[in-house]
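# Coordinate analysis (summary)
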Amino acid sequence: MATATLMDAVRAIEMSRRRMAVVVSDEGRLLGTLTDGDIRRCLLVGGSLETVVALAMNPNPLTADWESPDGYLRDLMRCRNVLAVPLLDRAGNFVRMVHLTDLEQGDSIASGAPPGFSFAVIMAGGEGMRLRPLTDEIPKPMVEIGGIPLLARQIERLAKVGIGRVYISVNYLSHIIEEYFGDGGNFGIEICYLHEQEKLGTAGALGLLPEIPRGPIIVMNGDVLTNSDFDSFYAFHMSHGACVTVAAIDHRVEIPYGVIRADGSLVTDLVEKPSERFLCNAGIYALSPAALNWVPEGEFCNMTDIIAAGLTKKQTIAVFPIHEYWSDIGTPDDLEKARNHFARMELVK
């Protein structure tokens, strides 16, 4: 229904391998479709997960007759570069959704596995000064949450979406990370190490990569914990033709006073206890190969420098809003909150 919320749509999409929600009227007529990208674009313009789907859906999606032959549907989806199409009867009522995986066999798309990121890079060389004394003897990414090191949770999530290789940038107490993960065989993923002889910032280790990726890579800070959908992140990056896509969280600041709007000495409005909304860097990035050319080899470089270089060169820099769980494990309070979150999740199981 059009009055359902974006949260309802998120749940529907997560439960379906179709990666699309269908919005229908009480009589069964198709009103529109909603993809993960539609939801995140709505969030970017000020929507929330309580926004009704009618404000975010595509009211004119590509459709086909429910009796269309498979060959026609397959060619239609390939030509229009879509993976799913609602099938309607002659009265315009929704019958079912057909996905390209229903029509093809044997290739990567048919198996349900998207092309995805070439590989991942995790920046895990920081000292975690704010978490001391906990990080006196272990690197911050090895702090345990729910009995599992933070870095292990990141790697398991990357492996789950089909990423076959991850580079870990190490510096502080690097031997602990290397001894724990080895070559990645026990984690179902190939693990390689980028050794920072000196601190290189949040992006400098990319200059140590021994290979040029064929496609986009995902780069993560080693202290970030999230269950965001990396497949959707990849699709969002590609659909925007971005050179860099920055994942972002929605942060709101409540102002505890009435705020005066003024034009010179004249009051134009008085807003009681407003909230300000900010999109804040979540420490997760998608980088196309060209962006790696902006990383100086062996020199200190932050990701903000890469983004600034892209903007200077008039390249597309996109922002991907995260509506799923996210935490930056930077302080003891952050760590406690993350541990409590996972403890509650375990109780729900």
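This report concerns the structure included in the present document. What you are looking at is a predicted structure, and each value in this text was computed from that prediction instead of being measured. (Residues numbered from 1 in each chain as written. Predicted model: local features only at pLDDT ≥ 70, side-chain atom pairs only at ≥ 80, totals over all residues. Heavy atoms only, no water.)

## Some details on the packing of aromatic side chains
- Counted by the stated rule, this structure contains nine aromatic pairs.
- Where Tyr 180 meets Phe 187, the ring centres are 6.1 Å apart and the plane angle is 40°; that geometry is what we call tilted.
- Look at Tyr 180 and you get partly exposed, because its relative accessible area is 42%.
- The structure contains a cluster of three or more aromatic residues connected by ring pairs, namely Phe 117, Phe 233, Tyr 234, Phe 236 and Phe 320.
- Directly above the aromatic system of Phe 342 lies the positively charged group of Arg 153, at a separation of 4.2 Å from the ring centroid. (Phe/Tyr/Trp six-rings, centres within 6.5 Å; stacked < 30°, edge-to-face > 60°. Buried < 20%, exposed > 50% of the residue type's maximum accessible area, 1.4 Å probe, protein only. Lys NZ or Arg CZ within 6 Å of the ring centre and 35° of its normal.)

## Some remarks on the pairing of strand S4 (residues 84-88)
- Within S4, five of the five residues are buried, which leaves it mostly tucked inside the rest of the structure.
- By the bridge criterion, two bridges tie strand S3 (residues 64-65) to S4 in an arrangement that is parallel. Bridge pairing in S4 links Asp 65 to Leu 88.
- Once you follow S3 into helix H3 (residues 70-80) and on to S4, the crossover reads as right-handed.
- In this sheet, strand S5 (residues 94-99) lies alongside S4 in antiparallel orientation, the contact comprising five bridges. Across the sheet, residue Val 85 finds its bridge partner in S5, namely Val 98. (Helix = DSSP H or I, 4+ residues; strand = E, 2+ residues; numbered from the N terminus. Pairing = 2+ DSSP bridges. Right-handed = clockwise from strand over helix to strand, strands pointing away.)

## A look at the packing of helix H5 (residues 150-160) against helix H6 (residues 174-181)
- For the pair H5 and H6, the least separation of the axes is 11 Å and the interaxial angle reads 45°. Put simply, H5 runs oblique to H6. Here the hand of the crossing between H5 and H6 comes out right-handed. Residues Leu 151, Ala 152 and Ile 155 of H5 pack against Ile 177, Tyr 180 and Phe 181 of H6.
- Class assignment for the residues of the contact of H5 with H6 results in six nonpolar, no polar and no charged. (Axes fitted to C-alpha atoms, helices over the stretch in contact; angles between N-to-C directions. Parallel < 35°, antiparallel > 145°, perpendicular 65-115°, else oblique. Left-handed = near helix turned anticlockwise from the far one by under 90°. Contact = heavy atoms within 4.5 Å. Nonpolar A, V, L, I, M, F, W, Y, C, P; charged D, E, K, R; others polar.)

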